[in-house]
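In case you want the letters, here they are:
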Amino acid sequence: MTQYPLFSADDFRARALDQKGMPLEEAWKAHGDHALNPLFVARAQELKLRDAAVLIPVIDDGEKASVILTQRTATLRKHSGQIAFPGGSIDPEDNSPEEAALREAEEEIGLSRMFVEPVGRLPTYFTPTGFRITPILSVVKRGFELKLNPAEVDDVFEVPLPFLMDEANHQRGSRVLDGVERHFFLMPYGERNIWGITAGILRTLYERLYA
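These figures come from a predicted structure and were not determined experimentally.

*Asks:* What am I meant to see in the packing of aromatic side chains here?
*Replies:* Two descriptors summarise a pair of aromatic rings, namely the distance from one centre to the other and the angle between the planes of the rings. For the structure on display, the rule yields five aromatic pairs. Ring geometry for tryptophan 28 and phenylalanine 126: centres 4.9 Å apart, planes at 70 degrees, overall edge-to-face. Residue tryptophan 28 is found in the loop between α2 (24-27) and α3 (38-44), and its partner phenylalanine 126 is found in strand β6 (residues 125-126); the two are separated by 98 residues along the sequence. In this structure tryptophan 28 comes out as buried when scored by relative accessible area, which is 8%. Its relative accessible area of 6% is what places phenylalanine 126 among the buried residues.

Here is the structure:
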């Protein structure tokens, strides 16, 4: 693999295209907070699942890339107020998870797909609310202008990729859900509390590409 500065967008792209380890269709069991919650994952597969996709937008900022994250509005029915990637349900007219993630990013934050290069996927992520999420890895060129959809997104911000991919910033927490203790990752960043699904996907990104 060609050597690029660690945590640059070029290095991220190369790692995304040359993932090591278990095949994607099997790897979800071994990564992120799925590995911490085998009972939950077994139950999740028994649910009637809806397919969804999220975009992991890594901005090309020279030697140190950054990641776009959103804060969902407090009025949403599910995951309100949480830190999230742009994304949502895969609609029948979407030709692929990549198409769904690009569409949702345009609808939620106005990120034009002309600036976005999908470069790979992460293993499937199963949620307690019945979604089967395909995370789409992407490199984003600067020059974009964002316009937030206030019905879905309260804020958008960037976090340095080196911060998110530093295991020292990956904390663990737990809470009891439906009588079962659920373990999860937390990645506090300033006043932001990145946790739950987003932190679980970021932890999987770390384990697949940087660990």
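*Asks:* Where do I start with the pairing of strand β11 (residues 192-195) in this structure?
*Replies:* The two faces of a sheet get side chains in turn, since along a regular strand they alternate between them. Bridge count between strand β10 (residues 180-189) and β11: four bridges; the pairing is antiparallel. The residue bridging leucine 186 from the neighbouring strand is tryptophan 195, located in β11. A loop of two residues connects β10 with β11, the two strands running antiparallel in sequence, and glycine 190 in this loop sits at a positive phi of about 60 degrees.

*Asks:* When you look at unusual backbone geometry in this model, what are you seeing that I'm missing?
*Replies:* Non-glycine residue phenylalanine 7 carries a positive phi angle of around 75 degrees. Position of phenylalanine 7 relative to the elements: it lies in the segment before α1 (9-17). Phenylalanine 7 sits in the buried class, given a relative accessible area of 13%.

Reading the values: rules and limits
- Chains are numbered independently. Their residues run from 1 in the order of the written sequence.
- With the structure being a predicted model, the display of local features is reserved for residues of pLDDT at least 70 and the display and counting of side-chain atom pairs for 80 or more, all residues being used for whole-chain, interface and lining totals.
- To get the side-chain values, all heavy atoms of the structure are used, and hydrogens and water are removed first.
- Ring pairs are drawn from Phe, Tyr and Trp, using the six-membered ring of Trp, whenever the two centres fall within 6.5 Å, and their geometry is named by plane angle: stacked under 30 degrees, edge-to-face over 60, tilted for the rest.
- A run of H or I in DSSP becomes a helix once it reaches four residues, and a run of E becomes a strand once it reaches two; helices and strands are each numbered from the N terminus.
- Burial classes: relative accessible area under 20% of the type maximum marks a residue as buried, over 50% as exposed, and values in between as partly exposed (1.4 Å probe, protein chains only).
- DSSP-based pairing: two strands are paired if at least 2 bridges between them are found.

Purely geometric numbers; function is a separate question.
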